[in-house]
Amino acid sequence: MGNRIIVITQNGGVFGHDINGNTVGPAFAFGGSKVAFNGAFDRFVVTMGNRIIVTTQDGGVWAHEVVGNTVGPAFPMNFVLSHFTFASDISAANRQRTLDRHRFALTRMAACGNLSAQERTKLHQAYDRAIHHTTNTTAGVNASATVGGSRLNVNFGVLFPQGDEEISQTLIHEMMHCAGFTHPTRRDPPAGSSCAAPNPAVFDCPGDNGVYYGTPPLRAEFCIAGDQSDVRSRLRGKAAVESCVIDENGLATVHTEASRQPLGAAS
Ligand SMILES: [Zn+2]
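So, here's what we can say about the structure. (Residues numbered from 1 in each chain as written. Predicted model: local features only at pLDDT ≥ 70, side-chain atom pairs only at ≥ 80, totals over all residues. Heavy atoms only, no water.)

1. With respect to the sheet that holds strand E10 (residues 85-86)
Line of reasoning, step 1. In space, the six strands of this open sheet follow the order E10-E11-E13-E12-E15-E14, with mixed pairing throughout. Whereas interior strands pair on both sides, the edge strands pair on one side only; in this sheet they are E10 and strand E14 (242-246).
Line of reasoning, step 2. With three bridges connecting them, strand E12 (residues 141-146) and strand E13 (residues 151-154) associate as antiparallel partners. Its bridge partner being in E13, Ala143 is matched across the sheet by Val154.
Line of reasoning, step 3. Each of E12, E13, E14 and strand E15 (251-256) is contacted by helix H4 (residues 164-178), which is oriented at about 15° to E12, the strand it contacts most. (Pairing = 2+ DSSP bridges. Helix = DSSP H or I, 4+ residues; strand = E, 2+ residues; numbered from the N terminus. Contact = heavy atoms within 4.5 Å. Axes fitted to C-alpha atoms, helices over the stretch in contact; angles between N-to-C directions.)

2. What to know about the state of the cysteines
Line of reasoning, step 1. Counted according to the given criterion, the structure contains two disulfides.
Line of reasoning, step 2. There is a disulfide in this structure between Cys112 and Cys223, and the S-S distance comes to 2.1 Å. Where Cys112 bonds to Cys223 through sulfur, the torsion about that S-S bond is close to -75°, and the disulfide is left-handed. With Cys112 in the loop between helix H1 (92-110) and helix H2 (117-127) and Cys223 in helix H5 (residues 216-223), the pair connects residues that are 111 residues apart, well separated along the chain. The same class applies to Cys112 and to Cys223, which are both buried.
Line of reasoning, step 3. Between the sulfur atoms of Cys195 and its disulfide mate Cys205 the distance is 2.1 Å. One disulfide, between Cys195 and Cys205, carries an S-S torsion of -90° and so falls in the left-handed class. (Disulfide = S-S within 2.5 Å. Buried < 20%, exposed > 50% of the residue type's maximum accessible area, 1.4 Å probe, protein only.)

3. Topic: the coordination of the zinc ion
Line of reasoning, step 1. Every protein donor of the zinc ion is listed here as His173 (NE2), His177 (NE2), His183 (NE2) and Cys244 (SG), and their distances to the metal cover 2.0 to 2.2 Å.
Line of reasoning, step 2. Considering all four donor atoms around the zinc ion, angles at the metal cover 102 to 120° and the coordination shape is tetrahedral.
Line of reasoning, step 3. One chain supplies every donor for the zinc ion, spaced along it as H-x3-H-x5-H-x60-C. A residue pair is termed a helical-turn pair when its members lie 3 or 4 positions apart in one helix, as His173 and His177 do in helix H4 at four residues. In terms of burial, His173 and His177 fall into one category: buried. (Donors = N, O, S within 2.8 Å, 3.2 Å for Na, K, Ca; no water. Tetrahedral: all angles 85-135°; square planar, octahedral: opposite > 155°, others 65-115°.)

4. Thoughts on the packing of aromatic side chains
Line of reasoning, step 1. Going through the model one piece at a time under the given rule, you end up with four aromatic pairs.
Line of reasoning, step 2. The interplanar angle of 45° and the centroid separation of 5.1 Å between the aromatic rings of Phe28 and Phe30 together place this pair among those described as tilted.
Line of reasoning, step 3. Judged by relative accessible area, which is 18%, Phe28 ranks as buried.
Line of reasoning, step 4. Ring geometry for Phe84 versus Tyr127: centroids 5.7 Å apart, planes at 10°, classification stacked. Here Phe84, found in the loop between strand E9 (75-76) and E10, pairs with Tyr127, found in helix H2; they are 43 residues apart in sequence, far enough to count as distant.
Line of reasoning, step 5. Relative accessible area serves as the criterion here: at 6%, Phe84 is assigned to the buried category.
Line of reasoning, step 6. Directly above the aromatic system of Phe104 lies the positively charged group of Arg101, at a separation of 4.5 Å from the ring centroid. (Phe/Tyr/Trp six-rings, centres within 6.5 Å; stacked < 30°, edge-to-face > 60°. Lys NZ or Arg CZ within 6 Å of the ring centre and 35° of its normal.)

In structure tokens form, the structure reads like this:
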């Protein structure tokens, strides 16, 4: 890895030797996570850039990021999600598309700097749970989930026609709630103001990194767009016509513009 030889022992200990010219330096121990310690279950280990990649017997691919002399926790690079469950009324096609959009979202998260390592770890822990999917039929609602819960209610009729990226954006937002993250209710611009001239002290606008859009669920949404500026601006537009409201029971519901209550009314 770069100018280092990495040695991983049977019990997952990670050691390095720095190489200077033609000289191999003394062994030192890395701090952080153990790597590839699951006996015969861990099949291959390779390095790629600053990552140690472990491939398991069942085809799982896990990566550890190495920063300095510390090995980060394993995070999944492919996502089977066979432990996710669906209510019986959800069609096979909708199940497949939901799983595909979860996988796409997770792939984006792995390469996105909008979330801290700790936030990504909490998200992956939520994805490790058996998240149960049900159908939500509330008009003008994309989806809902309870903060810290393991159930995701999807309005297939409202959300799915909006397109693949929009589905992933909503799913990752709700999964961040399942991971325990929260946010305040969005503050709309007062009369005479708009997001053409943002003022994060008074109201919330996409990209302002303020008290609403700066929270982990909203930052995660912006990972879905990737680096294409046209996609990013489109998704920013989508974020502007949506807001998520968390009720007194912790149920977080992503509303689309059509269903939003007038300013000042209860949501
Ligand atoms: Zn939310």
